[in-house]
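Residues per chain, in single letters:
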Amino acid sequence: MTIISFNDYLISKVIFVQILAMSKILVIGSCGQIGIELVLELRKTHGNHNVIASDIKEDYPQSIAEGPYVQLDIMNANKLTSLVKENNVKEVYLLAALLSATAEKKPLFAWELNMQGLFNVLELAKNKLIEKVFWPSSIAVFGNNSPIDSTPQHTIMEPSTVYGISKLAGERWCEYYFNRYNVDVRSIRYPGLISYKSAPGGGTTDYAVDIFIQALKSQSYTCYLKPDAKLPMMYMSDAIRATIEIMEAPRDNIKVRSSYNLSGISFDPEELAAEIKREIPNFSIEYAPDFRQEIAESWPNSVDDSYARNDWNWENKIKIQEIVKKMLDGLS
């Protein structure tokens, strides 16, 4: 039997209490396309037990099983408040949302989920229960009257989708809570995101993930967008890096309190298919545009992210050729 001194016991107790008192990070919507990889990356820096994953799902991916997971409906403000208080949560990444294509099928539910979830978190920050909030916006905030090439940070924004409308409204509320209540909320307008580590979540740009799955499975793909439907895209690791970098930037550096444009690269299905064909020569693609083509036509071809580059030194790194290799290798 190992005998420890009373002083050693006191020191151990103090350390245990300090661990319990450490501030935590909460990722809401952690089972989604962004959430899984964000949780894993945050845990590398902050430790497994200091990053709490949460989602409405009872079951969660094994990839995030090394740290705490809490089943949470973001619409339940009381449970959210209890979770924050009991775990000394000081930073919240709110990723729970209904994405563009799915939202068009359930417009009222999409509006309620996308907006009320944001209000529940902003109110916690307003009441000083949390110190910092990340909330993602999207290129969906733009519309048919926005400039489609190098869309500027500040421009005409007339979204025509439920998802875009909710994101534009959310941007305005984020800026309001910062100006009115000094809430430190930070946001970026994600382009289409590409990853092999989780399934697509019902977005218009999901073709850029599914095309790789089908290329390996059957060497063919039927695309729901037109061949020249060019959209801003980004590999997931760059998006995760941008998310963490904006949250770690000094508060005074964040000049835009609605949401920052974020640019990766822009390509269309035909260009992506050509790059895949370099790796899989027998790959073929056909086109059968559906309702998602109309959504894509209301979005930019490319965006100007100079504000993000100037304010917090954002820089995209991964180009289309590297994306293709990473996706095919990862899915293989």
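Now for a look at the structure at hand. Since we're looking at a predicted model, the values are computed, not measured.

### Observations concerning the pairing of strand E11 (residues 231-235)
Thinking step 1. When you tally the buried positions in E11, you get 5 out of 5 residues, the bulk of the element.
Thinking step 2. On E11, burial covers both faces: Leu231, Met233 and Tyr235 on one face and Pro232 and Met234 on the other are all buried.
Thinking step 3. Pairing analysis gives 3 bridges linking strand E9 (residues 192-194) to E11, with the strands arranged parallel. Counted as the bridge partner of Leu193 is Met234 from E11.
Thinking step 4. The sheet contact formed by E11 and strand E13 (residues 265-267) spans 3 bridges and is antiparallel. Looking at the pairing, Leu231 lines up with Phe267 of E13.

### Focus on the side chain of Asp268
Thinking step 1. Examined against the element boundaries, Asp268 turns out to sit in the loop between E13 and helix H9 (269-279).
Thinking step 2. Buried within the structure, Asp268 lacks any salt-bridge partner; its nearest side chain of opposite charge belongs to Lys230, at an N-O separation of 5.2 Å.
Thinking step 3. Here the side chain of Asp268 touches Glu270 through a polar contact of 3.1 Å, landing on its backbone nitrogen.
Thinking step 4. Among the polar contacts listed, one links the side chain of Asp268 to the backbone nitrogen of Glu271, at a separation of 2.7 Å.
Thinking step 5. For Asp268, the contacting residues outside a window of four places in its chain are Tyr207, Pro227, Asp228, Ala229 and Lys230.

### A closer look at the sheet that holds strand E3 (residues 69-71)
Thinking step 1. Taken in spatial order, the 6 strands make up an open sheet running E3-E2-E1-E4-E5-E7, and their pairing is parallel. Every other strand in the sheet has two partners, leaving E3 and strand E7 (185-186) as the edge strands with one partner each.
Thinking step 2. Sitting on the sheet, helix H2 (residues 33-46) is in contact with strand E1 (24-28), strand E2 (51-55) and strand E4 (89-94), with an inclination near 165 degrees to E2.

### Thoughts on the pattern of salt bridges
Thinking step 1. Applying the stated criterion to the full structure yields 16 salt bridges.
Thinking step 2. Linking Asp184 and Arg186 is a salt bridge whose minimum nitrogen-to-oxygen distance equals 3.0 Å.
Thinking step 3. With its nearest N and O atoms 3.7 Å apart, the salt bridge here joins Asp184 to Arg251. Of this pair, Asp184 sits in the loop between helix H6 (162-181) and E7 while Arg251 sits in the loop between helix H8 (236-248) and strand E12 (260-261), placing them 67 residues apart in sequence.
Thinking step 4. Assessed through its relative accessible area of 31%, Arg251 is described here as partly exposed.
Thinking step 5. One salt-bridge network, in which partners are shared between bridges, spans Asp184, Arg186, Arg251 and Arg257.

### Observations concerning the environment of Lys105
Thinking step 1. Examined against the element boundaries, Lys105 turns out to sit in helix H4 (residues 100-105).
Thinking step 2. Judged by relative accessible area, Lys105 falls into the exposed class, the value being 64%.

### Quick look at the pairing of E2
Thinking step 1. With respect to burial, E2 is a largely interior element, 5 of its 5 residues being buried.
Thinking step 2. Burial of E2 is two-sided: the residues Val51, Ala53 and Asp55 facing one way and the residues Ile52 and Ser54 facing the other way are all buried.
Thinking step 3. Bridge count between E1 and E2: 4 bridges; the pairing is parallel. Bridging across to E2, Ile25 finds its partner in Val51.
Thinking step 4. Sheet topology note: the E2/E3 ladder contains 3 bridges and is parallel. Considered in E3, the bridge of Ala53 is made with Tyr69.

Cut-offs used in this document
Residues numbered from 1 in each chain as written. Predicted model: local features only at pLDDT ≥ 70, side-chain atom pairs only at ≥ 80, totals over all residues. Heavy atoms only, no water. Buried < 20%, exposed > 50% of the residue type's maximum accessible area, 1.4 Å probe, protein only. Helix = DSSP H or I, 4+ residues; strand = E, 2+ residues; numbered from the N terminus. Pairing = 2+ DSSP bridges. Lys, Arg positive; Asp, Glu negative; His and termini not counted. Salt bridge = Lys/Arg side-chain N within 4 Å of Asp/Glu carboxyl O. Polar contact = N/O pair within 3.5 Å; in protein donor to acceptor, adjacent residues only side chain to side chain. Contact = heavy atoms within 4.5 Å. Axes fitted to C-alpha atoms, helices over the stretch in contact; angles between N-to-C directions.

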